[in-house]
Protein chains: 4
Amino acid sequence: MKSSQPLTPTPRRRSAANPGISDIDSNDAKAAILKAARAEFSAKGLTGARVNEIAAIAGVNKQLIYYYFGNKEDLYRTALEVVYTEIRTLESGLHLGDMQPEEAMAALIGFSFDYLQATPDFIGLLNHENARGASHVRDSKAIRETNSPLIELLAKTLSRGTRAGVFRRGIDPVELYVSVAGMSYFFFSNRLTLSSIFARDLESKAAVQAYRKHVVSFAMAGLRA
Amino acid sequence: MKSSQPLTPTPRRRSAANPGISDIDSNDAKAAILKAARAEFSAKGLTGARVNEIAAIAGVNKQLIYYYFGNKEDLYRTALEVVYTEIRTLESGLHLGDMQPEEAMAALIGFSFDYLQATPDFIGLLNHENARGASHVRDSKAIRETNSPLIELLAKTLSRGTRAGVFRRGIDPVELYVSVAGMSYFFFSNRLTLSSIFARDLESKAAVQAYRKHVVSFAMAGLRA
Amino acid sequence: MKSSQPLTPTPRRRSAANPGISDIDSNDAKAAILKAARAEFSAKGLTGARVNEIAAIAGVNKQLIYYYFGNKEDLYRTALEVVYTEIRTLESGLHLGDMQPEEAMAALIGFSFDYLQATPDFIGLLNHENARGASHVRDSKAIRETNSPLIELLAKTLSRGTRAGVFRRGIDPVELYVSVAGMSYFFFSNRLTLSSIFARDLESKAAVQAYRKHVVSFAMAGLRA
Amino acid sequence: MKSSQPLTPTPRRRSAANPGISDIDSNDAKAAILKAARAEFSAKGLTGARVNEIAAIAGVNKQLIYYYFGNKEDLYRTALEVVYTEIRTLESGLHLGDMQPEEAMAALIGFSFDYLQATPDFIGLLNHENARGASHVRDSKAIRETNSPLIELLAKTLSRGTRAGVFRRGIDPVELYVSVAGMSYFFFSNRLTLSSIFARDLESKAAVQAYRKHVVSFAMAGLRA
DNA sequence: AATGAATGAGAGTTCATTCAT
DNA sequence: TATGAATGAACTCTCATTCAT
């Protein structure tokens, strides 16, 4: 395994005579590879994914993947970091500043549902990571250092609400985070088997929206003092 | 080789009267293969798992796997069905008959946590199934036909409690099931990455018990009228 | 490779109390194996044939094949010898004694066509033998010693006809045999590809009979003085 | 690696003007594989042939066979088509234009002998095809579409001779083709067992030439009015 | 006489990766 | 920057054969 690649594709050899064109192509290829890699790794994991397949989906020569990313594992790591970064960026977009605790908490719970829907590769990547010991997440400085703003927001909002007397006391913010995230995560992660077992379509837009509503109201009820 | 869950339900003892039918050895080997297969498939999925590894862990000749199970995918399917059957058997052990709705519901929620802990292969198998389209779950008559008693118990208990005025109205039992199961599932499924991200050990006995308590109280609070 | 088995199945362990029954069963199994083996080896050759398949078709336990015939190659040799013996027996049935040379020759040519039709395994076995160097035919004392009465009959009939002035002089009996046999052999051996290439059904009864007629008249015309 | 029959008809030489397209090496490897494959498949058939052996004989890495030909069966199909094409090319070289019917027919019969001698792989491949149901010949568009010019030449020559009164009436050209081809085919196909059975060397140059003479004179005599 | 269990050798094929340009 | 050619290692699976009863 070679050294890992930089997260943001850094163009090389830009010449004065040909200032940007080839960089754009290069970035296109790189981006196409990453996009294909995310989907492929999410669906099949590190070992299940096929370099050939990624190249085919990205529409590039297989060798280009090695040129840009070193090897399969480095590509995986990069894809993982890119997705985590994307998640964090989404989280940073949350602004609950002047909301009341209850309103803010409802927004947070809703958000924990929405971003899973918006980032479908995330669940697959995470599941495979956990199945294989989460070594890449643990070993990635980039991922470890990108703290989740969500948990801090949640802790702050929880404590605001507790002080305001609208939320119960004695709730651990990490445990709250896990249970709230779990309600949404499990829904998206296991929709297929759940649909099959319950003979009920959980993939329709209506079902998704109904479940979102349930999660928010159920969790809010669980919090109230 | 110990047989923890024999494939054929009634192993016959070899006796003088029944001299040639050696189910014992055969079942031992079969059971050892299945046990190893469950763990291997749970950790690595269908494609990631290695037949060699399963044979080595089971302590049998690799070819015996093909002799008994045909091929890798059939072994996978069988392992999946065995685990599902085991889950269903656990669920059938639940007897809430004469409990009050709240007591019964708390038992149910606790159980949804406990059986995931007791059947560690289940989450891995399910995650891989969902990642690959859940085709094996959908195609298995055995799995589809084994309805979950849990969802029916939940629906019945919910309705009992609603009528008794202790639970809120308007809660859908399937959605309740998904959210309750999700709280526990996500905890076990994503413990590794969660521990890493939050820099907090979620694997200790204490942490597990604490989270179980949280899940039950949080869900019960969410239900109360 | 073990020693070869006797051609005619020799029953063992006949007891006074149970004089014939088990022998019949044993012979049944042996005969079933041989029948299946002939077809399988004819279709797929020594290496292409599958012991499993032979056992399945014969309806016996695979191990019984080893019990009776030692190993795959010995079974092959035995099948080869049985078919050769069958051919020779058919040939011995030819009685041209008091026929005129032309009549006798026509009968011989017709026979060279008929016995290929009657013994479909023969061509397949022979083709595979030739493709693999004919070592088994060469090494089988049984086959080498079973001279073909056909070639002698042909030589005698040819010489009778030549002396009688009805056949041309200077025809070598072996070459005549090869060319006459070849006309029929090729027809049966290559019917499938010939049908495909010429887009003409050579498998129908009518086509077979028409070709037989052609062979006889064509060969007789080629012989006439 | 020598390229005796390149797959792609027009290998381009690598030149300064055309610097990167290296058909030469690629074709060499491809051609070497095909050459080895023809011989191996001819001798042992599709199932009997060994990919390892083909690679070893061709002097290439085994995996290159998969790189170029996909799998064993596709390689077989390709080899079959190449041999058929070669046969057809040989046939196309026949020019009987201004010969008299008898002379032309003798040339045709002689040719049907000569090309089997010149293309030793052909008989083996054809025998295995027929033994296995001729499915590949039937399924190959390339083979089906490459009509045999031979049969048309034969039909034309036969009809010319019949009109000229030198050949008998009532001879079917396809049947004539089959019997004439059969005489030669059987000789080459079954030389080994025939030599063994008749204890007569049919492999010597003299024996081959003598048999060729026999075939031509025997068939011509069979045709004459 | 008959059979289920078990195994070693090797087959076809896949796959990540490197070579060479 | 980009690509076709080539390879070693490993994987699933097949198959003839043996073991043990």
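If you're wondering where the values come from, they're calculated on a predicted model, not measured in any experiment.

The rules behind these values
Residues numbered from 1 in each chain as written. Chains lettered and ligands numbered in written order. Predicted model: local features only at pLDDT ≥ 70, side-chain atom pairs only at ≥ 80, totals over all residues. Heavy atoms only, no water. UniProt positions renumbered as here; feature names shortened; annotations may be inferred. Helix = DSSP H or I, 4+ residues; strand = E, 2+ residues; numbered from the N terminus. Buried < 20%, exposed > 50% of the residue type's maximum accessible area, 1.4 Å probe, protein only. Contact = heavy atoms within 4.5 Å. Least-squares fit on C-alpha atoms with pLDDT ≥ 70 in both. Near = heavy atom within 4 Å. Polar contact = N/O pair within 3.5 Å; in protein donor to acceptor, adjacent residues only side chain to side chain. Nonpolar A, V, L, I, M, F, W, Y, C, P; charged D, E, K, R; others polar. Expected span 1.5 Å × (residues − 1). Buried area = accessible area lost by both parts, 1.4 Å probe. Salt bridge = Lys/Arg side-chain N within 4 Å of Asp/Glu carboxyl O. Phe/Tyr/Trp six-rings, centres within 6.5 Å; stacked < 30°, edge-to-face > 60°.

Let's shift gears to the UniProt feature "DNA-binding region" (unreviewed entry) in chain A. The UniProt entry lists residues 50-69 of chain A under the feature "DNA-binding region" (unreviewed entry), expressed in the numbering used here. Secondary structure content for residues 50-69 of chain A is 80% helix and 0% strand, while the C-alpha to C-alpha distance between its ends is 15 Å.

What follows deals with the environment of Ala221 of chain D. Looking at where Ala221 of chain D falls in the secondary structure, it is placed in helix H12 (residues 205-223). A relative accessible area of 12% means that Ala221 of chain D is categorised as buried. Separated by 184 residues in the primary sequence, Ala221 of chain D and Ala37 of chain D place their C-alpha atoms 40 Å from one another. Dropping the residues within four chain positions of it, Ala221 of chain D is found in contact with Arg168, Ala221 and Gly222 of chain C.

Here the focus is the relation of the copies chain B and chain A. Each copy of the sequence occupies a distinct position, and chain B is placed on chain A by a rotation of 180° and an axial shift of 0.0 Å, giving an RMSD of 0.2 Å. Both copies of the chain, as the preceding transformation shows, are related through a two-fold rotation axis. Measuring from the rotation axis to each C-alpha of chain B, the shortest distance belongs to Gly222 of chain B, at 1.8 Å.

Turning next to the protein's contact with DNA strand F. As a matter of local geometry, DNA strand F sits amid 30 residues, with Asn61 of chain A, Gln63 of chain B, Arg50 of chain C together with Asn61 and Gln63 of chain D nearest to it. In the environment of DNA strand F, a phosphate oxygen lies 3.2 Å from a nitrogen or oxygen atom belonging to the backbone of Ala49 of chain B. For the surface near DNA strand F, the secondary-structure elements that each account for two or more residues are helix H3 (62-69) of chain A, helix H3 (62-69) of chain B, helix H3 (62-69) of chain C together with helix H1 (23-48) and helix H3 (62-69) of chain D. Looking at side-chain class alone, the surface near DNA strand F contains 13 nonpolar, 9 polar and 8 charged residues.

Summarizing the sequence annotation, UniProt attributes the feature "domain: HTH tetR-type" (unreviewed entry) to residues 27-87 of chain A in the numbering used throughout. A distance of 21 Å separates the end C-alpha atoms of residues 27-87 of chain A, which is 89% helix and 0% strand.

This paragraph deals with H12 of chain D. Quick reminder: α-helices carry 3.6 residues per turn. Residues three or four places apart thus point the same way. Over its 19 residues, H12 of chain D extends 27 Å from the first C-alpha to the last, a length consistent with the 27 Å expected when each residue adds 1.5 Å. Every buried residue of H12 of chain D is accounted for by Ala207, Val208, Tyr211, His214, Val215, Val216, Phe218, Ala219, Met220, Ala221, Gly222 and Leu223 of chain D. Where the residues of H12 of chain D are buried, they touch helix H10 (173-189) and helix H12 (205-223) of chain C together with helix H5 (101-118), helix H9 (149-163), helix H10 (173-189) and helix H11 (191-198) of chain D.

Attention shifts here to the protein's contact with DNA strand E. Near DNA strand E, the surroundings consist of 30 residues, among which Arg50 of chain A, Asn61 and Gln63 of chain B, Asn61 of chain C together with Tyr66 of chain D are the closest. Among atoms of DNA strand E positioned within 4 Å of the protein, sugar and phosphate together represent 57%. Contact between DNA strand E and Ala49 of chain A: a phosphate oxygen at 3.1 Å from a main-chain N or O atom of the residue. Listed by contribution, the elements that provide at least two residues to the surface near DNA strand E are helix H2 (51-58) and H3 of chain A, H3 of chain B, H3 of chain C together with helix H2 (51-58) and H3 of chain D.

So, about the interface of chain B and chain A. Counting from both sides, the interface comprises 55 residues of chain B and, opposite them, 55 residues of chain A. Carbon and sulfur atoms make up 66% of the surface buried where chain B meets chain A, a total of about 4600 Å² over both sides. In this assembly, chain B and chain A are joined by 2 salt bridges. Going through the elements one at a time, helix H1 (23-48), helix H4 (72-92), helix H6 (120-131), helix H7 (135-139), helix H8 (141-145), helix H10 (173-189), helix H11 (191-198) and helix H12 (205-223) of chain B are the ones with two or more residues in the side of chain B that touches chain A. In terms of residue class, the side of chain B that touches chain A is built from 29 nonpolar, 15 polar and 11 charged.

Moving on: the interface of chain C and chain D. The interface of chain C with chain D comprises 56 residues on the first partner and 55 residues on the second. Joining chain C to chain D, the criterion identifies 2 salt bridges. Across the pair Asp172 of chain C and Arg200 of chain D runs a salt bridge, and its minimum N-O distance is 3.1 Å. Where chain C touches chain D, the interface holds 14 residue pairs in polar contact (both at pLDDT 80 or more). Residue contributions to the side of chain C that touches chain D peak at 14 residues, all from H10 of chain C. Class assignment for the residues of the side of chain C that touches chain D results in 29 nonpolar, 16 polar and 11 charged.

Attention now goes to the packing of aromatic side chains. In the structure shown here, the tally under the stated rule is 50 aromatic pairs over all chains. On the basis of an interplanar angle of 50° and a centroid distance of 4.6 Å, the ring pair of Tyr185 of chain A and Phe186 of chain B is categorised as tilted. Here Phe186 of chain B lies in helix H10 and Tyr185 of chain A lies in helix H10 (residues 173-189), a pairing that spans two chains. Accessibility classification places Tyr185 of chain A together with Phe186 of chain B in one group, the buried group.

Another aspect to go through is the side chain of Thr157 of chain B. Its place among the elements puts Thr157 of chain B in helix H9 (residues 149-163). Discounting residues that sit within four places of it in the chain, Thr157 of chain B has contacts with Leu96, Pro101, Ala104, Met105, Leu108 and Phe167 of chain B.

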